[in-house]
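This is what each chain is made of:
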Amino acid sequence: MTDINTDSMVVTENMDLSGSDTPFDLSTYLSQKKELVEAALDAAITVTYPEKIYESMRYSLMAGGKRLRPTLCLATCELLGGTVEMAMPTACALEMIHTMSLIHDDLPAMDNDDYRRGKLTNHKVYGDDIAILAGDGLLSYAFEFVATQTQGVPPERVLQVIGRLGRAVGATGLVGGQVVDIASEGLSDVSEETLTFIHTHKTGALLEACVVCGAILAGANETDLERLSRYAKNIGLAFQIVDDILDITAPSEQLGKTAGKDLEAQKATYPSLWGLEKSRAKAEQLVEEAKAELAAFGYGGKALAAIADFITYRSH
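A brief look at the structure comes next. (Residues numbered from 1 in each chain as written. Predicted model: local features only at pLDDT ≥ 70, side-chain atom pairs only at ≥ 80, totals over all residues. Heavy atoms only, no water.)

Some words on the overall build of the chain
Counting its secondary structure elements, the chain contains 16 helices and five strands. Counting only contacts in the chain whose residues sit at least 6 apart along the sequence, the fraction spanning at least 24 positions is 71%. Carbon together with sulfur atoms contributes 51% to the accessible area of the chain, which is approximately 13,700 Å² in total. (Helix = DSSP H or I, 4+ residues; strand = E, 2+ residues; numbered from the N terminus. Contact = heavy atoms within 4.5 Å. Areas by Shrake-Rupley, 256 points an atom, 1.4 Å probe, with all protein chains shown as cover.)

Next comes the structure, spelled out in structure tokens:
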């Protein structure tokens, strides 16, 4: 197992990422990447006429958060010899897509939440109509941003990234998972297979795209793409299991959103299916399997390994 100091998030890799015993300072790494991403996002959208829609888009996009998805994209690209600069437009696009999903997920017709990241949700500030349009604006701009801002990458790789993003966010990914999630609310006989479908599509598909798109931009071969795809699928499912656990165990102030919403909405979750202890054990198992996929990259995979551990030990 990896030893984690959860206060400083300094991670000592005991798994076989051979080449160094130097502790990896995840806290500093995440902070540095977040600062770069925040600056790029801030520059990506300026307020112009009609001001309200751009203000609404920026309100949610710049509301903070861990910026885990863009960081995964940057880390994977760097792992395979790419640069932050060549991956940043895609990293920003991933955060725009993620933000869109949060805005729409919080709407009264969906999860009907009043708070996100400790702030009033978009529709509570701008109204349902503008919130819907803000999500639409972020989604469409994400693809434009990749197509027009990516530099130093062969066009065929950019096209592959655009295709991956479309698949991750559409009916084959996030949208499809959300549909099955809605259909499963209030049902007492939701199977493990259905629950896994919901989470691998609603949450996991975009997380997988973060990793795979970073790899594509760097010119990864098929073997590395498959390894990294398996890594991402495992951390994606672990991420959602931990989310389900935190919805039960963490207070709203810690989560930055209303706690207990899954229980109130009678949503199918892993704790409701397995219980808390088995859910925690499953998340840890998935993370260990994810890290095993990184062994071939040696010590270079330290950032992705540390992020995998962070997913299971995070508090919000």
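Section: unusual backbone geometry
Between Tyr49 and the following residue, Pro50, the backbone shows a cis peptide bond with an omega angle of -5°. Along the chain, Pro50 turns up in the loop between α1 (26–44) and α2 (51–61). Located in the positive-phi region is Arg67, a residue other than glycine, with phi close to 55°. Mapping Arg67 onto the fold places it in the loop between α2 and α3 (68–79). For Asn112, which is not glycine, the phi torsion reads 55° and is therefore positive.

What to know about the packing of helix α8 (residues 174–184) against helix α9 (residues 192–202)
Running from amino to carboxyl end, α8 crosses α9 at an angle of 140°, the nearest separation of the two axes being 7 Å. With respect to α9, the element α8 is oriented oblique. Crossing of α8 against α9: the hand is left-handed. Listed contacts from α9 to Leu174, Gly176, Gly177, Gln178, Val180, Asp181 and Ser184 of α8 are Thr194, Phe197, Ile198, His201 and Lys202. Residue composition of the contact of α8 with α9, by class: four nonpolar, six polar and two charged. (Axes fitted to C-alpha atoms, helices over the stretch in contact; angles between N-to-C directions. Parallel < 35°, antiparallel > 145°, perpendicular 65-115°, else oblique. Left-handed = near helix turned anticlockwise from the far one by under 90°. Nonpolar A, V, L, I, M, F, W, Y, C, P; charged D, E, K, R; others polar.)

Thoughts on helix α16 (residues 302–313)
For α16, with twelve residues, the first-to-last C-alpha span of 17 Å sits near the 16 Å given by 1.5 Å per residue. Taken together, the buried positions of α16 are Ala303, Leu304, Ala305, Ala306, Ile307, Ala308, Asp309, Phe310, Ile311 and Thr312. (Expected span 1.5 Å × (residues − 1). Buried < 20%, exposed > 50% of the residue type's maximum accessible area, 1.4 Å probe, protein only.)

Considering a nonpolar patch on the surface
A cluster of nonpolar side chains, Tyr115, Leu120 and Val125, forms an exposed patch at the surface whose accessible area comes to about 250 Å². Looking at where Val125 falls in the secondary structure, it is placed in helix α5 (residues 122–126). Since its relative accessible area comes to 39%, Val125 is described here as partly exposed. (Patch = residues over 30% accessible without salt bridge, like charges linked within 9 Å, V, L, I, M, F, W, Y side chains within 5 Å. Salt bridge = Lys/Arg side-chain N within 4 Å of Asp/Glu carboxyl O.)

Quick notes on the state of the cysteines
Here the structure, examined in full by the defined rule, presents zero disulfides. The structure places no disulfide on Cys73, whose sulfur is separated from the nearest cysteine sulfur, that of Cys213, by 6.4 Å. Cys73 sits in the buried class, given a relative accessible area of 0%. We note that Cys92 lacks a disulfide partner, and the nearest cysteine sulfur, in Cys73, lies 9.4 Å from it. A relative accessible area of 0% places Cys92 in the buried class. (Disulfide = S-S within 2.5 Å.)

Overview of the nonpolar core
The biggest cluster of nonpolar side chains holds 93 residues, and the ones touching the most others in it are Leu72, Met96, Leu228 and Tyr231. For Met96, the contacting residues outside a window of four places in its chain are Ala44, Leu61, Leu138, Tyr141, Ala142 and Phe145. (Core = buried A, V, L, I, M, F, W, Y, C linked by side-chain atoms within 4.5 Å.)

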